[in-house]
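# A closer look at the structure
Chain by chain, the residues:
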Amino acid sequence: MKKSLSFLLALALCCALTACGGGQGAAGSDTPSTPVTSQPEETPDNSQHHESPNTSTPADTPETTEPEEDVGNGVLIVYFAYGENAPLSDGVDASTSASIQYRGDELTGNTGLVADMIAEATGGDLFSILTAEQYPDNYNDTIDVGQTEKGSNARPELSTQLDHLDSYDTVFLGFPNWWGDMPMAVYSFLDEYDLSGKTIVPFVTSGGSGFAGTIQAIENAEPDATVLEGLSLRDSRSPQAEDDVADWLARLGLAG
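Computed from a prediction, not measured in an experiment: that's the story for all the values here. (Residues numbered from 1 in each chain as written. Predicted model: local features only at pLDDT ≥ 70, side-chain atom pairs only at ≥ 80, totals over all residues. Heavy atoms only, no water.)

## Some remarks on empty space enclosed by the protein
What counts is decided by this rule: The method works on a 1 Å grid over the protein atoms by themselves. A cavity is a set of points holding a 1.4 Å probe that cannot get out, a pocket is an open set with protein on both sides within 12 Å along at least five of seven lines, and residues with an atom within 4 Å of a point line them. Grid points are joined across faces, edges and corners, and a volume is the space filled by probe spheres set on the points. Under the scheme applied here, ten amino acids are nonpolar (Ala, Val, Leu, Ile, Met, Phe, Trp, Tyr, Cys and Pro), four are charged (Asp, Glu, Lys and Arg), and all others, including Gly, are polar.
A full pass over the atoms with the stated rule returns one cavity of 30 Å³ or more. The volume enclosed by the largest cavity comes to roughly 30 Å³. In this structure, the largest cavity is lined by Gly 146, Lys 150, Trp 178, Asp 181, Met 182, Pro 183 and Met 184. Residues belonging to the lining of the largest cavity are distributed by class as follows: four nonpolar, one polar and two charged.

The following block contains the structure:
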């Protein structure tokens, strides 16, 4: 009996001690438990793996300029005609002077008619040499003025200006023969414009003298241009010279 009672007492004491030890460890032990420090999460270093978006203002893209269209290989027909340089009245009878011709409703001269034929055959542009001071309204007095200008080596002022000369590689140059020479207004044109590197193709209308010494004069005035074979026509032939013009252009390889 005593043994049983002693065993029960010992068992009860053991259970009490166990309960007390468990409460102190959880709530009030003198030995501080090691604090748990919460480490901040590391921010992943993306610098080695991800590029930051470029938020800076992008540099201006250089402006590209399209190359200008090549407008070379053009044909220009430059000419001097008495009928366009004199104060002739409308309706003047062209038969009174072999130098006056009609081009449609407009007055021109033999050289102007031939210039039109060349433009038609080549597709070239026309440019009429016009003087600031007009010539007399009759051809005989005009020829006298032309002789005076030639004697003084004059350079009449021009009233027409040529733009975009660089657009043309081939320049036809036409004129009537005045006193065995070009009208001095044509020299004014050659002085004013540099035809270096271009091909000059002369044509002349005359009473029979043809070019005389004018080819050499053109070469002297434009030494850096190439002067091709010219076309010489008598005044009386000029209005019907389409075939002559076509054959000449074909020989030069300049037909349109």
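## Focus: the pattern of salt bridges
Note the cut-off: Think of a salt bridge as a Lys or Arg side-chain nitrogen and an Asp or Glu carboxyl oxygen that are within 4 Å of each other. Secondary structure counts use DSSP, requiring at least four H or I residues in a row for a helix and at least two E residues in a row for a strand, with both numbered from the N terminus. Exposure categories follow from relative accessible area, calculated using a 1.4 Å probe and restricted to protein chains: below 20% of the type maximum is buried, above 50% is exposed, and the middle band is partly exposed.
Going through the model one piece at a time under the given rule, you end up with four salt bridges. Taking the shortest distance from any N to any O, the salt bridge between Lys 150 and Asp 181 comes out at 3.1 Å. Taken together, the residues span a long stretch of sequence, with Lys 150 in helix α3 (residues 139-151) and Asp 181 in the loop between β5 (168-176) and α4 (184-192) at a distance of 31 residues. Residue Asp 181 is classed as buried on the basis of its relative accessible area, which comes to 10%.

## Examining helix α2 (residues 110-122)
Under the convention used in this document: Each helix should span, by expectation, one fewer than its residue count multiplied by 1.5 Å.
The end-to-end C-alpha distance of α2 is 19 Å, a good match for the 18 Å that 13 residues give at a rise of 1.5 Å each. Of all 13 residues in α2, eleven are buried, a share of seventy percent or more. What α2 keeps buried is the set Asn 110, Thr 111, Gly 112, Leu 113, Val 114, Ala 115, Asp 116, Met 117, Ile 118, Ala 119 and Thr 122. At the C-terminal side of α2, Gly 123 shows a positive phi close to 75 degrees.

## Comments concerning the nonpolar core
Burial of nonpolar side chains together is a common tendency in soluble globular proteins. As a reminder of what qualifies: Put simply, a nonpolar core is a bunch of buried Ala, Val, Leu, Ile, Met, Phe, Trp, Tyr and Cys residues held in one set by side-chain atoms that sit within 4.5 Å of each other. We call two residues contacting when some pair of their heavy atoms lies within 4.5 Å.
Of all hydrophobic cores here, the largest spans 35 residues; its most connected members are Ile 129, Leu 173 and Phe 189. For this core, the secondary-structure elements that each account for two or more residues are β1 (74-79), β5, α4, β6 (199-206) and α5 (214-221). In terms of residue count, the dominant contributor to this core is α4 (six residues). The residues touching Ile 129, leaving out its near neighbours within four places in the chain, are Val 78, Tyr 79, Phe 80, Asn 85, Leu 158, Thr 160, Ala 185, Val 186 and Phe 189. Val 75, Ala 119, Phe 203 and Leu 231 belong to the second largest nonpolar core, which has 18 residues in total.

## Some remarks on the packing of aromatic side chains
The description of an aromatic ring pair uses the distance of the two centres, along with the angle that the planes make with each other. So the rule is basically this: Pairing of aromatic side chains here covers Phe, Tyr and the six-membered ring of Trp, requires ring centres within 6.5 Å, and sorts the geometry by plane angle: under 30 degrees stacked, over 60 edge-to-face, intermediate tilted.
Tallying each qualifying case throughout the model produces eight aromatic pairs. A centroid spacing of 6.4 Å and a plane angle of 70 degrees characterise the contact between Phe 175 and Phe 211, whose relative ring orientation is edge-to-face. One end of the pair, Phe 175, is in strand β5; the other, Phe 211, is in the loop between β6 and α5, with 36 residues separating them in the sequence. Put simply, the rings of Phe 80, Tyr 135 and Trp 178 touch in pairs and so form one group of aromatic residues.

## Looking at helix α6 (residues 242-252)
Since the α-helix advances by 3.6 residues per turn, residues separated by three or four positions end up pointing in the same direction. Spelled out, the test is: The directions from the helix axis to the C-beta atoms are what the arc is built from.
Within the sequence span of α6, burial applies to Val 245, Trp 248 and Leu 249. Viewed along the axis of α6, the buried residues span an arc of 95 degrees, placing them on a single side of the element. Projecting away from the buried face of α6 at angles above 90 degrees are the exposed residues Asp 243, Ala 250 and Arg 251. Looking at the buried side of α6, the elements it contacts are α2, β5, β6 and β8 (231-234). Of the residues one or two after α6, Gly 253 is the one with positive phi, at around 70 degrees.

## Re the packing of α2 against α6
So the rule is basically this: Under this scheme, a helix contributes an axis fitted over its contacting stretch, all axes are lines through C-alpha atoms, and angles between N-to-C directions fall in the 0 to 180 degree range. Just so you know how the angles are binned, under 35 degrees is roughly parallel, over 145 roughly antiparallel, 65 to 115 roughly perpendicular, and the rest oblique. Less than a right angle of anticlockwise turn of the near helix away from the far helix marks a crossing as left-handed, whereas a clockwise turn marks it as right-handed.
Where α2 contacts α6, the axes come no closer than 10 Å and their chain directions differ by 50 degrees. The orientation of α2 with respect to α6, classified from their angle, is oblique. For the pair α2 and α6, the sense of crossing is right-handed. Mapping the contact onto sequence places Val 114, Met 117, Ile 118, Ala 121 and Thr 122 in α2 and Glu 242, Val 245, Trp 248 and Leu 249 in α6.

## Brief notes about the side chain of Thr 131
This is how it is decided: Here a polar contact means two N or O atoms within 3.5 Å. Within protein one must be a hydrogen donor candidate and the other an acceptor candidate, and residues neighboring in sequence count only if both atoms are side-chain atoms.
One can find Thr 131 in the loop between β4 (125-128) and α3. Within the local environment of Thr 131, its side chain forms a polar contact with the backbone oxygen of Glu 133, the two atoms lying 2.8 Å apart. Residues in contact with Thr 131, not counting those within four places in the same chain, are Phe 80, Asn 85, Pro 156, Glu 157, Leu 158, Ser 159 and Ala 185.

## Comments concerning unusual backbone geometry
Phi angles above zero are rare outside glycine, and His 164 is one such case at about 60 degrees. Here His 164 is to be found in the loop between α3 and β5. Classification of His 164 by relative accessible area gives exposed; the value is 63%. The residue Trp 179 is not glycine, and still its phi comes out positive at about 55 degrees. Secondary-structure assignment places Trp 179 in the loop between β5 and α4. With a relative accessible area of 43%, Trp 179 lands in the partly exposed category.

Functional significance is not addressed by these values, which are geometric in nature.
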